[in-house]
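Structural features, examined
Listed here are the chains, written in short residue letters.
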Amino acid sequence: MGFLRNAWYPAAWDKDVTDGTVAIRIIDHPIVLFRDEQGQVKALFDACPHRFAPLSRGKVRDGRLVCGYHGLEFGGSGACLRNPHGKGAVSSALAVRSYPVAQRYGMLWVWMGEPAQAEETKLPVLPLFDEPDQTWVYGQLDVNANYELVIDNLLDLTHVEFLHPFLASPGNSERTTFRARQDGNQVNAFYDVVNEPITGLFRLLWEGAEDFANLKAYMHWQAPANLSLQTGMSLHETVQADDPRINIMHLLVPQSEDMTRYFWAAGRNKARESQEVSGMLHYGTQNAFVNEDEPMIAAVRSRMRSNDLLAHKPALLPIDEAAIRARRILKGMIDKEQHLLAD
Amino acid sequence: MGFLRNAWYPAAWDKDVTDGTVAIRIIDHPIVLFRDEQGQVKALFDACPHRFAPLSRGKVRDGRLVCGYHGLEFGGSGACLRNPHGKGAVSSALAVRSYPVAQRYGMLWVWMGEPAQAEETKLPVLPLFDEPDQTWVYGQLDVNANYELVIDNLLDLTHVEFLHPFLASPGNSERTTFRARQDGNQVNAFYDVVNEPITGLFRLLWEGAEDFANLKAYMHWQAPANLSLQTGMSLHETVQADDPRINIMHLLVPQSEDMTRYFWAAGRNKARESQEVSGMLHYGTQNAFVNEDEPMIAAVRSRMRSNDLLAHKPALLPIDEAAIRARRILKGMIDKEQHLLAD
Amino acid sequence: MGFLRNAWYPAAWDKDVTDGTVAIRIIDHPIVLFRDEQGQVKALFDACPHRFAPLSRGKVRDGRLVCGYHGLEFGGSGACLRNPHGKGAVSSALAVRSYPVAQRYGMLWVWMGEPAQAEETKLPVLPLFDEPDQTWVYGQLDVNANYELVIDNLLDLTHVEFLHPFLASPGNSERTTFRARQDGNQVNAFYDVVNEPITGLFRLLWEGAEDFANLKAYMHWQAPANLSLQTGMSLHETVQADDPRINIMHLLVPQSEDMTRYFWAAGRNKARESQEVSGMLHYGTQNAFVNEDEPMIAAVRSRMRSNDLLAHKPALLPIDEAAIRARRILKGMIDKEQHLLAD
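Residues numbered from 1 in each chain as written. Chains lettered and ligands numbered in written order. Predicted model: local features only at pLDDT ≥ 70, side-chain atom pairs only at ≥ 80, totals over all residues. Heavy atoms only, no water.

Let us look at the interface of chain A and chain B. Across the boundary between the two partners, chain A contributes 27 residues, which contact 23 residues of chain B. Across the chain A/chain B interface, buried area totals approximately 2,100 Å², and carbon plus sulfur atoms make up 62% of it. Put simply, chain A and chain B have 4 salt bridges between them. The partner of Arg303 of chain A in a salt bridge is Asp46 of chain B, and the shortest N-O contact between them spans 2.9 Å. Here chain A is connected to chain B by 9 residue pairs in polar contact (both at pLDDT 80 or more). (Contact = heavy atoms within 4.5 Å. Buried area = accessible area lost by both parts, 1.4 Å probe. Salt bridge = Lys/Arg side-chain N within 4 Å of Asp/Glu carboxyl O. Polar contact = N/O pair within 3.5 Å; in protein donor to acceptor, adjacent residues only side chain to side chain.)

Following this line, the structure appears as structure tokens:
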């Protein structure tokens, strides 16, 4: 059904764009990121207009992107600033498409739609990223599947007991109370469990001698594919500010119909200075995504003839409510955008 | 031209289905095998009806197949027996297709056609497997080619001299008398050689001091793709009961148009207790199939634009008679079945 | 747009066809090379007419090519000379297509068009290969791209400064004077630089204490894809006979639309007896082609939807003149040939 175009898509962690190029495909556009002379990150179409060499194979010199094939130099606006050959003539045909870039939450976001509509007010609002008492670790991976299957996975956390033994205890599913709620175009999936064994993950942060506590895991989705998980364990009825809390952000970008780049960040409010806990949280999260989620999602894809899940008539369960709502909202937004484009 | 559907196809050696799942593709259906609480092997379509996760990625618990994604549990009939989430509602839409299974000759056979026609009387009859004086070794491999090219290979053993130096002596082909005979829907290819050097294979079993003996190799094919080879060497005109005899069974299953799973078993009536001979027979057979037959058959496939061999106008020789007969019989059976299905 | 058929294509270095078979694909024909009883190299279609086994998987015995599957034997004319089975009947249907072969410049050339037109006068004329004072090293590689992209690469040597740091000095491009000239159906690209730092490559041959000299690099292209580079450095205005001179021959053959075999030879007139210089020249050339040119050309291909470069509207520069001329000449020759074939 195509992709939503008028949206900010995550392209790279800001810290990962240093003095070279970073290449990524976003909704089937090859994109190269680099820093200009002011240190601002710029995004260009990743093919030289001369001979189509990927500009990401070149290098950055004095804030210009130098093509690695014949040395044409481009500025952040996409204009060709230098042709080192012959009389050095530079025509406007040598310009390459540029894409608006914004920075928020340590992430670089690229606007894939009409440049005139690229307003920063449209950037995703992810309050969990703003919590002042969190220490973060960051990662990324690629999933060999359509991004909607990754969203499905995240909006149905009942898979955790079965796919992630480190993150949930046996029998967790039947003890869980699940609610889904749509707030405008945001979809929320709430999982509450009373008196649950403290999981391996929370054991990293738990300071007391208890073996059981109440667990909550609240996942929030915004279009096209930004999700944030708020989770905590507490001896109280609701999780308190000084209870151990973990926030996991999932920023997804469809590279193509069948390949998704998955950026994640995990924050915690306990053991904040511990390099060991940072390392274990990074390892555990990356391991769960790469070795448990990704193979399962790719295997699901292998059983489908297309990415149109509903055409395959899945036997939906109540636990699918959040994921199905998100699919409908996204489809509505894409259909509307394509309708407008067709007018 | 499609596959024969109303047939028992080999799916796994019985000994290989233990306490986990075994996955195989049969005529393009993904199938999962597992044992129920009574130890009976069951075959289900290998995709959960909920979200299409391959059930073979799950585990078996108390004779039930537990989906590795969201924990739905299925019995041998394909019915969903438990939904661990929420109120645990289970609808009939959660059932997964089951396939009849039978056990014979140490092999598990799955019926891919109309379940009502899955009679055990239709199982292949392979008398060589019933000979009481044989000790067997077993193996399996995958061939990157259509199963009919593997049948061609087996029904034309004149390739042995050229492809398998351990199994035939130089000049064997011109000393060989070949006859083909069709008995009903069975095709037989008979190779007889008088006073042939004892081959490397038979040297493993030969007890005398002779260097030459009469060699026979009789291959039998039954649709869709079960072949049995009866071979022996003797100082007599015909092979006697106490001459060294080797039976090699070839049970093929088309996984897809271009991938064949090849189960084999090799039996012998001499050196029956020798672990060393068992090991050499297993190694030699597996090696010949994996390193000599498979690359050649896949290379043949690479020279064809499709799997329709006759459309490529091969220059057929008398040695092709058995293989061509088998192709015609199989095509006739498939055409007839598709005609009936279309009515 | 298809390939030029009536042409001699390079197939293998003569030294590389010894006592076995050599396989190559030429304009999508699989070809096998072998030596007959007189030691003459013969080229046959690389599929046995019986069952389509690649003949290159067989062996050569007494100047005959013996199929590795069922042992049919073929002579250099493609006729089947022996069927080792049964009565040994050999029909004319067993003949395999043969292709004219010629030897020149240490290369074996195969004629892919009408055999009647396979005249040796049509072999490429590459005078640099005939220079008497050159010692040669030889190599080959495969490029994952259409051969015209490889021609483009070679006819625009302005890429050298950016892609090959060993072969040019920084700033070389803006010091270079470039001229293109078409002589009949030959295209020439001339690069002259005055007072250039002696490159890493020429430092291998330079005998004086100077750091700067005049550099020339003249590339010549003939259809379909034979290129020769004449390069030298000199303290004089033009390169003299006893100045260090390097000739690099590039003989390309399209294996398929997206795969090119690239034969190269590099000759020098200095340090001719030095094994060390031979080794460095071989390593440096092979390394530049495999690790610098090939990945860039394949990356360019990945940015194109088809091999029709001009349909992608590249922003052409004056430096593209030679490559565009060659593309036009080649297209004209192919169009003319296809027009004649269609008549």
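There is more to say, and it comes next.
Next up on the list: the domain arrangement of chain A. Residue and element names in this part refer to chain A. Segmentation of chain A into domains returns domain 1 (8-122) and domain 2 (127-335). Each of domain 1 and domain 2 has a C-alpha centre, and these two points are 33 Å apart. Listed per partner, the contact involves 16 residues of domain 1 and 17 residues of domain 2. Here domain 1 and domain 2 share an interface that buries about 1,400 Å² over both sides, 68% of which is from carbon and sulfur atoms. Applying the counting criterion to the domain 1 and domain 2 interface returns 0 salt bridges. Counting the contacts that link domain 1 with domain 2 gives 3 residue pairs in polar contact (both at pLDDT 80 or more). Of all the elements in the fold, those that place two or more residues in the side of domain 1 that touches domain 2 are β1 (8-13), β2 (22-26) and β11 (107-111). (Domains from an automatic or database assignment. Helix = DSSP H or I, 4+ residues; strand = E, 2+ residues; numbered from the N terminus.)

A few words on the relation of the copies chain A and chain C. Once chain A is rotated about the relating axis by 120 degrees and shifted along it by 0.0 Å, it coincides with chain C to within an RMSD of 0.0 Å. The transformation relating the two chain copies, once decomposed into turn and shift, fits a three-fold axis. (Least-squares fit on C-alpha atoms with pLDDT ≥ 70 in both.)

All names here are of chain A. The terminal C-alpha atoms of helix α5 (residues 275-302), which comprises 28 residues, lie 39 Å apart, in line with the 40 Å expected from a rise of 1.5 Å per residue. Taking the largest bend as the criterion, α5 deviates by roughly 35 degrees, centred on Asp293, and proline Pro295 comes between one and four positions later. Where α5 starts, the residue carrying a side-chain oxygen 3.2 Å from the main-chain nitrogen of Glu276 turns out to be Ser274. (Expected span 1.5 Å × (residues − 1). Bend = angle between axes of the 7 residues up to and from the residue.)

Look at the UniProt record and you will see "domain: Rieske" (unreviewed entry) annotated at residues 8-110 of chain A. Spanning residues 8-110 of chain A, this segment combines 0% helix with 43% strand, and its end C-alpha atoms are found 5 Å apart. (UniProt positions renumbered as here; feature names shortened; annotations may be inferred.)

What follows deals with the sheet that holds strand β12 (residues 135-143) of chain C. Residue and element names in this part refer to chain C. The strand order β12-β18-β17-β16-β15-β14-β13 describes an open sheet built from 7 strands, whose pairing is antiparallel. Looking along the sheet, the strands with just one partner apiece sit at the ends: β12 and β13 (176-183). Across this sheet, the average inter-strand angle for adjacent strands is 15 degrees, counted without regard to direction. Set on the sheet, helix α1 (residues 147-155) makes contact with β12, β14 (186-197), β15 (212-222), β16 (226-234), β17 (245-256) and β18 (259-268); between it and β17 the angle comes to about 165 degrees. The strands that helix α6 (residues 321-342) touches are β13, β14 and β15; relative to β14, the one it contacts most, it runs at about 165 degrees. (Pairing = 2+ DSSP bridges. Axes fitted to C-alpha atoms, helices over the stretch in contact; angles between N-to-C directions.)

Okay, helix α6 (residues 321-342) of chain B next. Residues and elements named next belong to chain B. Helix length check: α6 (22 residues) gives 31 Å between terminal C-alpha atoms against 32 Å at 1.5 Å per residue, within 8%. Taken together, the buried positions of α6 are Ala322, Ala323, Ile324, Ala326, Arg327, Ile329, Leu330, Ile334 and Glu337. Check the buried side of α6 and you find it contacts α1 (147-155), β13 (176-183), β14 (186-197) and β15 (212-222). (Buried < 20%, exposed > 50% of the residue type's maximum accessible area, 1.4 Å probe, protein only.)

What follows is about the sheet that holds strand β10 (residues 101-104) of chain B. Residue and element names in this part refer to chain B. Reading across the sheet, the 3 strands line up as β1-β11-β10 and stay open at both edges, with antiparallel pairing between neighbours. Bordering the open sheet on either side are β1 (8-13) and β10, each of which pairs with just one other strand. The mean inter-strand angle of the sheet, taken between neighbouring strand axes irrespective of direction, is 35 degrees. Where β10 and strand β11 (residues 107-111) come together, 4 bridges link them in antiparallel fashion. Note that in β11 the partner of Ala102 across the bridge is Trp109.

What follows is about the state of the cysteines. Counted according to the given criterion, the structure contains 0 disulfides over all chains. Considering cysteine sulfurs only, Cys67 of chain A is the nearest to Cys48 of chain A, which forms no disulfide, with 4.1 Å between them. No disulfide involves Cys80 of chain C; its nearest neighbouring cysteine sulfur is the one of Cys48 of chain C, lying 7.4 Å away. (Disulfide = S-S within 2.5 Å.)

One pass over the structure, following the stated rule, counts 76 salt bridges over all chains. As a salt-bridge pair, Glu73 of chain B and Arg64 of chain B come within 2.9 Å of each other at their nearest N and O atoms. Between Glu148 of chain C and Arg327 of chain C there is a salt bridge, with the nearest N and O atoms lying 3.7 Å from each other. One end of the pair, Glu148 of chain C, is in helix α1; the other, Arg327 of chain C, is in helix α6, with 179 residues separating them in the sequence. Note on Glu148 of chain C: relative accessible area 8%, which makes it buried.

Overall, the coordinates contain 30 aromatic pairs over all chains when judged by the stated rule. For the ring pair Phe190 of chain B and Tyr218 of chain B, a centre distance of 4.8 Å and an interplane angle of 85 degrees mean the geometry is edge-to-face. Taken together, the residues span a long stretch of sequence, with Phe190 of chain B in strand β14 and Tyr218 of chain B in strand β15 at a distance of 28 residues. A single burial state applies to Phe190 of chain B and to Tyr218 of chain B, both of which are buried. The rings of Trp13, Tyr138 and Phe263 of chain A are connected pair by pair, giving a single aromatic cluster. (Phe/Tyr/Trp six-rings, centres within 6.5 Å; stacked < 30°, edge-to-face > 60°.)

Taken residue by residue, the interface counts 23 residues in chain A and 27 residues in chain C. Here chain A and chain C share an interface that buries about 2,100 Å² over both sides, 62% of which is from carbon and sulfur atoms. Of all residues in chain A, Arg51, Phe52 and Tyr69 of chain A bury the most surface against chain C, accounting for 37% of the area lost on that side. Where chain A touches chain C, the interface holds 4 salt bridges. Applying the counting rule to chain A against chain C returns 9 residue pairs in polar contact (both at pLDDT 80 or more).

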